[in-house]
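In case you want the letters, here they are:
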Amino acid sequence: NVEHWFISDPARFASSRNMKPTVLVATTSRWYPTARLGMALASAGCKVEAVCPARHPILKTKAVRRGHVYRGLAPLASLAHAISRTQPDFIISGDDLTTQHLHRLYAQEKSHRKSESPICGLIERSLGSPQSFPILSARADFMNVAREEGVRVPTTQVIHNIDGLRNCVERTGLPIVLKANGTSGGDGVRIARTLGEAERFFNELQAPPLFARAVKRAIVDQDKTLLVPSMLRRRPIVNAQVFVAGREATSTVVCWKGSVLASLHFEVVNKASSTGHATVVRLIENAEMSSAAEGMVRRLNLSGFHGFDFMLEESTGHAYLIEVNPRSTQVGHLSMGAGRDLPSALYAALSGKALQPAPKVTEKDTVALFPQEWIRDPASPFLRSAYHDVPWEEPELIQDCVSNRRKQSAWYSRSERKPVSAVRTPKSISATPESRAVGLDWGGK
């Protein structure tokens, strides 16, 4: 096993021993998309283990052989312990904070070990060149590199204070987009349409996490990741980006040593909020998006799962790259045909076997993501007209989603002193034979 972990080419070793490659899915949050990706990786042929917070939905699936506890107050030790026990061929980051932890773990291992560190080798193999790590964690630096690569990007700069913000607005005009480093899912993004809004949003984004918010997240979501930043009063770096009017789009890729193995490109149809994550997406082909993603993967010598967000300019249709997500995204589990099956492409690279994409999950081009769109609007027409991506093969995962949503709704309703109403599942789910077979109380009261 030690030989297996140290070897530089896992595909050669796995092939010689006729072994399935082991993938460790690492995450600091309880996002359901991480569970979906774990299922897809297992279906593709990987052995899947996970390091995650207790009661993560991925542990409700049959995909994971073993779970390891992530501890928000000792993140690097948690990851190192899980890696030591798992000795994986590959590690996949499920969120931005996990990627930051892996970058820090790499630096820690490099500084503490005189000989070659197997953890460093694993992280390099899984994420790509360590020279890219600081670029991926700094929004403005990434955009500057993209511009050097010839990718179409909006001007982005770091804002240090209110005077700098005012100068930026004077040069670029309004609206303007403010983004905090180290955030994801739209939590650290604001669109300001007046100077007053820009100043208020800047102060909000630069402020350390409120202790009350950190405690609430720790109690309700069992997520302790905000406690340390809140107690240490850490202030995020805030960037200003020129606003591009148009339609949002997103690309997710799996890559290996600077080459894209498979990719998915979607136009965003519905979102959880104006700056939040997508809940309904439409599959598209866009040469400019493909070229930009491939160029950045090559330039930064990336490996693993990465997401790229774009704006398709309203007047021209040009694709402007607006940010990178250095981790798996919520659509990475979808198999949409040849060249569009990321888990199978990764399995082929790790195992050395011929690529065998999974069957397409749907012939429809519009996908309503579960549970994202259902949470956004249980009566959404997209739950009927689009392909609704419900994991019927994992009834415990569905039940966990519904139960967790009800518990959170009840908690917030009590805290706000409002009547508690049960979460209702859309008729498009409750009317199906699959949901009846699951035997859950879909309707609520």
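In the block above lies the structure referred to throughout.
Residues numbered from 1 in each chain as written. Predicted model: local features only at pLDDT ≥ 70, side-chain atom pairs only at ≥ 80, totals over all residues. Heavy atoms only, no water.

Quick look at the pattern of salt bridges
Item 1. Tallied over the full model, the rule gives 20 salt bridges.
Item 2. Note that Arg36 is salt-bridged to Asp389, the shortest N-O span being 3.2 Å. With Arg36 in helix α3 (residues 32-44) and Asp389 in strand β15 (residues 387-389), this pair connects stretches of sequence that are 353 residues apart.
Item 3. On the basis of relative accessibility, which here comes to 8%, the residue Arg36 falls in the buried class.
Item 4. Residues joined by salt bridges that share partners form a network here, namely Glu148, Glu149, Arg298 and Arg299. (Salt bridge = Lys/Arg side-chain N within 4 Å of Asp/Glu carboxyl O. Helix = DSSP H or I, 4+ residues; strand = E, 2+ residues; numbered from the N terminus. Buried < 20%, exposed > 50% of the residue type's maximum accessible area, 1.4 Å probe, protein only.)

A word on the side chain of Ser29
Item 1. Take Ser29: it is sitting in the loop between β1 (22-26) and α3.
Item 2. What makes Ser29 buried here is its relative accessible area of 10%.
Item 3. When near neighbours in sequence (up to four residues on either side) are disregarded, Ser29 contacts Pro53, His56 and Asp95. (Contact = heavy atoms within 4.5 Å.)

Regarding the sheet that holds strand β3 (residues 64-69)
Item 1. Spatial ordering of the open sheet is given by β3-β2-β1-β4, a layout of four strands whose pairing is parallel. The sheet is open, and its two edges are formed by β3 and β4 (90-93), each paired on a single side. In this sheet, neighbouring strand axes are inclined to one another by 20° on average, regardless of whether the strands run parallel or antiparallel.
Item 2. Sheet topology note: the β1/strand β2 (residues 47-52) ladder contains five bridges and is parallel. Residue pairing in the sheet places Val23 in a bridge with Val48 of β2. (Pairing = 2+ DSSP bridges. Axes fitted to C-alpha atoms, helices over the stretch in contact; angles between N-to-C directions.)

Concerning the layout of surface pockets
Item 1. In this structure, the second largest pocket encloses a volume near 480 Å³.
Item 2. Lining the second largest pocket are 26 residues, with Ala40, Ser43, His333, Val361 and Glu393 sitting closest to its centre.
Item 3. Of all the secondary structure elements, the ones that give two or more residues to the lining of the second largest pocket are α3, α14 (342-351) and β15.
Item 4. The dominant element in the lining of the second largest pocket, judged by the number of residues it contributes, is α3, at six residues.
Item 5. For the lining of the second largest pocket, the per-class residue count stands at 14 nonpolar, six polar and six charged. (1 Å grid on protein atoms, 1.4 Å probe; cavity = no way out; pocket = protein on both sides within 12 Å on 5 of 7 lines; lining within 4 Å. Points joined across faces, edges and corners; volume = space filled by probe spheres on them. Nonpolar A, V, L, I, M, F, W, Y, C, P; charged D, E, K, R; others polar.)

Any functional reading would require information beyond the geometric quantities listed.
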